[in-house]
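Observations on the model geometry
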Amino acid sequence: MSERTISRPSSIYEPPKLAVEGEIVSKAEIEYFKEHGFLFKRGLIERGAVANALERAWDSLIETVPPSKESDWELKRDDPMTWRAPQWSKLPPADKSGPFEGRQRTVAQGRGVKMHEIGNQQFLLDLVPNHPKIREIARTLLADRLKKSERTRGIYAIFPAAQLSAEEIKQRLGGASLGPHTDRVCQQLNACVYLNDVPPRSGGFTVYPGSHRIMFQAHRFESNWSPTDTFGDAMRKVVSTITPVEFVGNQGDVVFWHGRTVHTAGVHVGEAIRWAVFADFTEDREILDADAHRELGLYEWFKDAKMFKSDLEVTDDMWRSWRLGAPAQDR
Ligand SMILES: O=C(O)CCC(=O)C(=O)O
Ligand SMILES: [Fe+2]
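Residues numbered from 1 in each chain as written. Chains lettered and ligands numbered in written order. Predicted model: local features only at pLDDT ≥ 70, side-chain atom pairs only at ≥ 80, totals over all residues. Heavy atoms only, no water.

**Side note on the overall build of the protein chain**
Just so we agree on the cut-off: Strands are runs of DSSP state E lasting at least 2 residues, helices are runs of H or I lasting at least 4, and numbering of each runs from the N terminus. Only C-alpha atoms enter the radius of gyration; for comparison, a globular chain is expected to reach 2.2 Å times N to the power 0.38, where N is the number of residues. Any pair of residues with heavy atoms lying within 4.5 Å of one another is described as a contacting pair. Computed with the Shrake-Rupley method and a 1.4 Å probe, the accessible areas treat only the protein chains shown as cover for residues.
The helix and strand tally for the protein chain stands at eight helices and 11 strands. Computed over C-alpha atoms, the radius of gyration of the protein chain comes to 19 Å, within 12% of the 20 Å expected from 2.2 N^0.38 for 331 residues, which places it in the range of a compact globule. Across its three principal axes, the protein chain shows a C-alpha extent of roughly 60 × 45 × 45 Å. By sequence separation, contacts in the protein chain at least 24 residues apart represent 80% of the contacts at least 6 residues apart. A total of about 15,200 Å² of accessible surface is found on the protein chain, and carbon and sulfur atoms cover 50% of it.

Here it is as structure tokens:
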């Protein structure tokens, strides 16, 4: 798809002051979300709760992702010097059938680790999709009646590289390491929660502002994966014309983004691990079952983004399914 189009370099996101004291999402924030496709909310989750989740993320990593026996690399959670250039053992392949079909329970590839299997644990459900503030924001933006959350996608870590040469750093800052894409299945509203502080150029989640409007029009249906034959061109247009923004943030900050937004893991030339939880929100509508997803080649067990049984055709009005702060009884 787009992976081969080289991205423009990302810039660090500078959040405008749009929040209004006492309002969970201000009118200005709703307008901003419509225009740009995302909303960055600082300090949404209490640091203590996030710090506990981060400890559990480490426990899980150490338990499920062993270092390669062929290398002398050792990982120590309290020693950041050991975090660079991880060398993992090969993890069990994805199941060929059954509930975990098609995707490894944990994926450890180079510097990226995606711990999907723990994504349905209660502490993660409580921390992210069921967190009162996060849920309230998702309800205000998308729909008063959201699908009950069954899981998050899990915890996604990006490890620091070995010492990079000046040339390698230059290339990465130039956009060479970015992998812009959109997600499939059923895309309405997503969230990325930082489990640790994420300084500049340290793997911060990165989005292409306004790309949701372009990519929305490159689908047949509003939310279900349904790319039209303009999809590739739309992607190339986004990646070649929009400067992506990287979210620098703190533990407990949250990025909400429209499901059609083009995004990527950010440039990482830093020294720390980027720890984040990704979650999906959809309206509470009738959905296809697991086998129907398999038949469509869209069985992604680690996402709470199931295809709607029937979806609306794309029109010029991309917001007709969205609440966008309207009174709940109007929907
Ligand atoms: O880890 C990240 O920052 C991005 C992950 C992502 O976009 C994905 O897994 O679809
Ligand atoms: Fe993605």
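**Looking at the nonpolar core**
Definition in use: Working definition of a nonpolar core: buried Ala, Val, Leu, Ile, Met, Phe, Trp, Tyr and Cys residues. They are joined through side-chain atoms within 4.5 Å. For every residue, the accessible area obtained with a 1.4 Å probe (protein chains only) is divided by the maximum for its type, and the residue is called buried under 20%, exposed over 50%, and partly exposed between those limits.
In terms of nonpolar packing, the biggest core is built from 73 residues, with L61, L195, F247 and W275 touching the most fellow members. If we skip the residues at most four places from it in the chain, F247 touches Y13, F38, F40, Y194, V198, G204, F205, V207 and V255. Core analysis: the second largest hydrophobic core is formed by 15 residues, M215, A218, F231 and V267 among them.

**Thoughts on the coordination of the iron ion (ligand 2)**
The expected angle between donors at a tetrahedral four-coordinate metal is 109.5 degrees. At an octahedral six-coordinate metal it is 90 or 180 degrees. Where we set the bar: For Na, K and Ca the donor cut-off is 3.2 Å, while for other metals it is 2.8 Å, and in both cases only N, O and S atoms qualify; water is not among them, so sites may look incomplete.
Each protein donor to the iron ion (ligand 2) is listed here as H181 (NE2), D183 (OD) and H263 (NE2); together their distances run 2.1 to 2.3 Å. Taken in sequence order, the residues that donate to the iron ion (ligand 2) follow the motif H-x1-D-x79-H. Of this pair, H181 sits in the loop between α5 (166–173) and β6 (189–194) while H263 is found in strand β10 (residues 263–264), placing the two residues 82 residues apart along the sequence. By relative accessible area, which is 25% here, H181 ends up partly exposed. A relative accessible area of 3% means that H263 is categorised as buried.

**Here's the deal with the layout of surface pockets**
Stated precisely, the cut-off is as follows: The way it works is a 1 Å grid over only the protein atoms, where trapped points that fit a 1.4 Å probe form a cavity and open points with protein on both sides within 12 Å along at least five of seven lines form a pocket, and then any residue with an atom within 4 Å of a point lines it. Grid points are joined across faces, edges and corners, and a volume is the space filled by probe spheres set on the points.
Volume-wise, the largest pocket comes out at about 820 Å³. Lining of the largest pocket is provided by 31 residues; of these, K114, Y156, H181, T264 and A265 occupy positions nearest its centre. Those elements that provide at least two residues to the lining of the largest pocket are β3 (106–109), β4 (112–115), β5 (154–158), β10 and β11 (274–281). Along the walls of the second largest pocket sit 16 residues, with A19, E29, F40, K41 and R42 positioned nearest its centre. Those elements that provide at least two residues to the lining of the second largest pocket are α1 (27–36) and β2 (38–41).

**A closer look at the side chain of E222**
By the secondary structure assignment, E222 is in the loop between α6 (211–216) and α7 (231–241). For E222, the residues in contact, after removing those within four places along its chain, are Q187, F216, R260, D311, L312, E313, V314, D317, R320 and S321.

**Quick look at the pairing of β4**
Selection rule: Only strands joined by at least two bridges in the DSSP assignment are considered to pair.
Every second residue of β4 is oriented toward a common face, the buried set being V113 and M115 and the non-buried set G112 and K114. The pairing of β3 with β4 spans four bridges and is classified as antiparallel. Bridge pairing in β4 links Q109 to G112. The turn linking β3 back onto β4 is made up of two residues, and G110 within it adopts a positive phi angle of 60 degrees.

**Section: the sheet that holds strand β7 (residues 206–207)**
A sheet is described by the order of its strands in space; here four strands give the open sequence β1-β8-β7-β10, paired in mixed fashion. The open sheet has two edge strands with one neighbour each: β1 (11–12) and β10.

**Regarding the sheet that holds β4**
Applied cut-off: In this analysis an axis means a line fitted to C-alpha atoms, helices contributing only their contacting stretch, and an angle means the value between N-to-C directions, from 0 to 180 degrees.
Taken together, the seven strands give an open sheet; going across it, the order is β2-β9-β6-β11-β5-β4-β3, and neighbouring strands pair in antiparallel fashion. Edge strands, defined here as strands with exactly one partner in the open sheet, are β2 and β3. Put simply, the sheet's adjacent strands are angled 15 degrees from each other on average, direction ignored. The strands touched by α1 are β2, β6 and β9 (254–258); relative to β2, the strand with the most contacts, the crossing angle is about 135 degrees. Here helix α2 (residues 47–64) sits on the sheet in contact with β3, β4, β5, β6 and β11, set at roughly 105 degrees to β4.

**Considerations on empty space enclosed by the protein**
Keep this limit in mind: Three classes are used: nonpolar for Ala, Val, Leu, Ile, Met, Phe, Trp, Tyr, Cys and Pro, charged for Asp, Glu, Lys and Arg, and polar for all others, with Gly counted as polar.
The tally for this structure, following the rule as stated, stands at two cavities of 30 Å³ or more. If you trace the largest cavity, you find it lined by Q187, Q188, F216, E222, S223, H258, M318, S321 and W322. When the residues that make up the lining of the largest cavity are grouped by side-chain class, the tally is three nonpolar, five polar and one charged. By volume, the second largest cavity amounts to about 30 Å³.

**Side note on the site of ligand 1**
The condition is simple: Here a residue is near a molecule or strand as soon as one of its heavy atoms is found within 4 Å of it. Whenever a nitrogen or oxygen atom comes within 3.5 Å of another N or O atom, the pair is scored as a polar contact, on the condition that within protein one atom can donate a hydrogen and the other can accept it, and that pairs from neighbouring residues in sequence are kept only if both atoms are in side chains. Each molecule is assigned to a cavity or pocket provided more than half of its atoms lie within 2 Å of the corresponding grid points.
Residues in close proximity to ligand 1 include K114, R153, Y156, H181, D183, F205, H263, A265, R274 and F278, which together make up its full environment. At 3.1 Å from an oxygen atom of ligand 1 is found a side-chain nitrogen or oxygen belonging to H263. Contact with the protein chains removes 91% of the 300 Å² of surface that ligand 1 exposes when unbound. In this structure the site holding ligand 1 corresponds to the largest pocket. A class-by-class count of the residues in the shell around ligand 1 yields four nonpolar, two polar and four charged.

**Thoughts on unusual backbone geometry**
Positive phi, normally seen in glycine, also occurs at R201, with a value near 60 degrees. If you trace the backbone, R201 turns up in the loop between β6 and β7. Taking relative accessible area as the criterion, R201 reaches 18% and is therefore assigned buried. The phi angle at L324 is positive, at roughly 50 degrees, despite the residue not being glycine. Within the secondary structure, L324 sits in the segment after α8 (290–295). On the basis of relative accessible area, L324 is assigned to the buried category, the value being 17%.

As far as function goes, none of this settles anything; it's purely spatial.
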